[in-house]
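# Observations on the model geometry
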Amino acid sequence: MLHIINKSPLSNSSLESCLRVAVPGDILLTEDAVYAATSGNAFEGKLREAMGRFKVYVLQPDLDARGLGDRLIEGVTSVDHGGFVDLTISNNSCQSWL
Amino acid sequence: MSEGGVKKFMFVNRKAPYGTIYALESLEVVLITAAFDQDVSLVFMDDGVYQLKKGQQTKGIETKNFSPTYRALEGYDIEKLYVEKESLEARGLTEADLLVDVTVLGRAEMGALMNEQDVVLSF
């Protein structure tokens, strides 16, 4: 399953809730959720821990918009909008966490 | 209250840019307030500090990059920009990552500054 998160982990609990309950699979961070995948942020440790169970992707245009294209945590895979579509196809289902 | 009809206005920005409209709307109201010759302070804390991150490139999300506007605030005599130290640190950012000159305050100093305002608007 593909889990899509679009909220900052430092102001909203959706990513934390997803990591708590979800069965291992794919996670795509979009919009303000991309901050979770930037080095030095307070959620970095939790994301790194989750990366043992989940394959984590980040939408690169959203990272670039926020001026953090050069701060991506190692091990997180960057995708463009085409890659976003590919993830929705390669997974049987997806959940957009609000 | 301050003298001569001038009030101390503080805008507290706590939202990241682009994900919601708050950051842009705050900027609009700040510019309006400046036109009335008020004493304006801007605060950036929590995810609001991300509004000032250098190097924003919004072409890929087809959204206007409004971050250069923060640099133009000086031209409207808005020169009091405050950033909370703890918020920067929690995001792996330093003053050098910001696109304008700011005053970095600890949480206690920030609280004291808020307390001396006539009007505080939250975004």
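Numbering of residues starts from 1 in every chain and runs along the sequence as written. Chain labels run from A onward and ligand labels from 1 onward, assigned in the order the entries are written. Confidence filtering applies because this is a predicted model: local features only for residues at pLDDT of at least 70, side-chain atom pairs given and counted only at 80 or more, and all residues used for totals across whole chains, interfaces and linings.

### A few points about the overall build of chain A
For chain A, the count of helices and strands is four helices and five strands. Strands are runs of DSSP state E lasting at least 2 residues, helices are runs of H or I lasting at least 4, and numbering of each runs from the N terminus. Listing each helix as α and each strand as β along chain A from the N terminus yields β-α-β-α-β-α-β-α-β. In terms of overall dimensions, chain A has C-alpha extents of about 30 × 30 × 25 Å along its principal axes. A sequence separation of at least 24 residues applies to 67% of the contacts in chain A between residues at least 6 apart. Contacts here follow a simple rule: the backbone-placed C-beta atoms of the two residues must lie within 7 Å.

### Let's talk about the environment of B:Arg107
Of note, B:Arg107 is situated in helix α4 (residues 107-115). Beyond its immediate chain neighbours, meaning those up to four positions away, B:Arg107 contacts B:Glu84 and B:Glu86.

### So, the nonpolar core
What makes a nonpolar core is a set of buried Ala, Val, Leu, Ile, Met, Phe, Trp, Tyr and Cys residues, with links drawn between C-beta atoms within 7 Å. With C-beta atoms placed from the backbone, a residue counts as buried when 20 or more other C-beta atoms lie within 10 Å of its own, as exposed when 12 or fewer do, and as partly exposed for counts between those limits. With 48 residues, the main nonpolar core has A:Leu29, A:Val34 and A:Ala36 as its most contacted residues. If we skip the residues at most four places from it in the chain, A:Ala36 touches A:Pro9, A:Leu15, A:Leu29, A:Asn41, A:Phe43 and A:Leu47.

### So, the environment of B:Leu113
Position of B:Leu113 relative to the elements: it lies in helix α4. Taking the number of C-beta atoms within 10 Å as the measure of exposure, B:Leu113 has 17 and is therefore partly exposed.

### Notes on the sheet that holds strand β3 (residues 80-84) of chain B
Strand pairs in the sheet, formed through backbone hydrogen bonds, run parallel or antiparallel to each other. Residues and elements named next belong to chain B. Here, any two strands with at least 2 DSSP bridges between them count as paired. Across the sheet, which stays open at both edges, the five strands sit in the order β4-β3-β2-β1-β5 with parallel pairing between neighbours. The sheet is open, and its two borders are formed by β4 (103-105) and β5 (119-122), each paired with just one other strand. If you compare each strand with its neighbour and ignore which way they point, the axes differ by 25° on average. In terms of strand pairing, strand β1 (residues 8-13) meets β5 through four bridges, oriented parallel. Among the inter-strand pairings, Phe 9 is bridged to a residue of β5, identified as Val 119. To obtain each axis, a line is fitted to C-alpha atoms, and for helices this fit is confined to the stretch in contact; angles are then taken between N-to-C directions over 0 to 180 degrees.

### What to know about the interface of chain A and chain B
With 18 residues of chain A in contact, the opposing surface of chain B contributes 18 residues. For the side of chain A that touches chain B, a count of residues per class yields six nonpolar, seven polar and five charged. Under the convention adopted here, Pro, Cys and the residues Ala, Val, Leu, Ile, Met, Phe, Trp and Tyr are nonpolar, Asp, Glu, Lys and Arg are charged, and Gly plus all remaining residues are polar.

### Quick look at the confidence of the model for chain B
A score from 0 to 100, pLDDT tells how confident the predictor is in each residue. On average, residues of chain B carry a pLDDT of 95, and 98% of them reach 70 or more. Predicted complex metrics record ipTM = 0.93 and pTM = 0.94.

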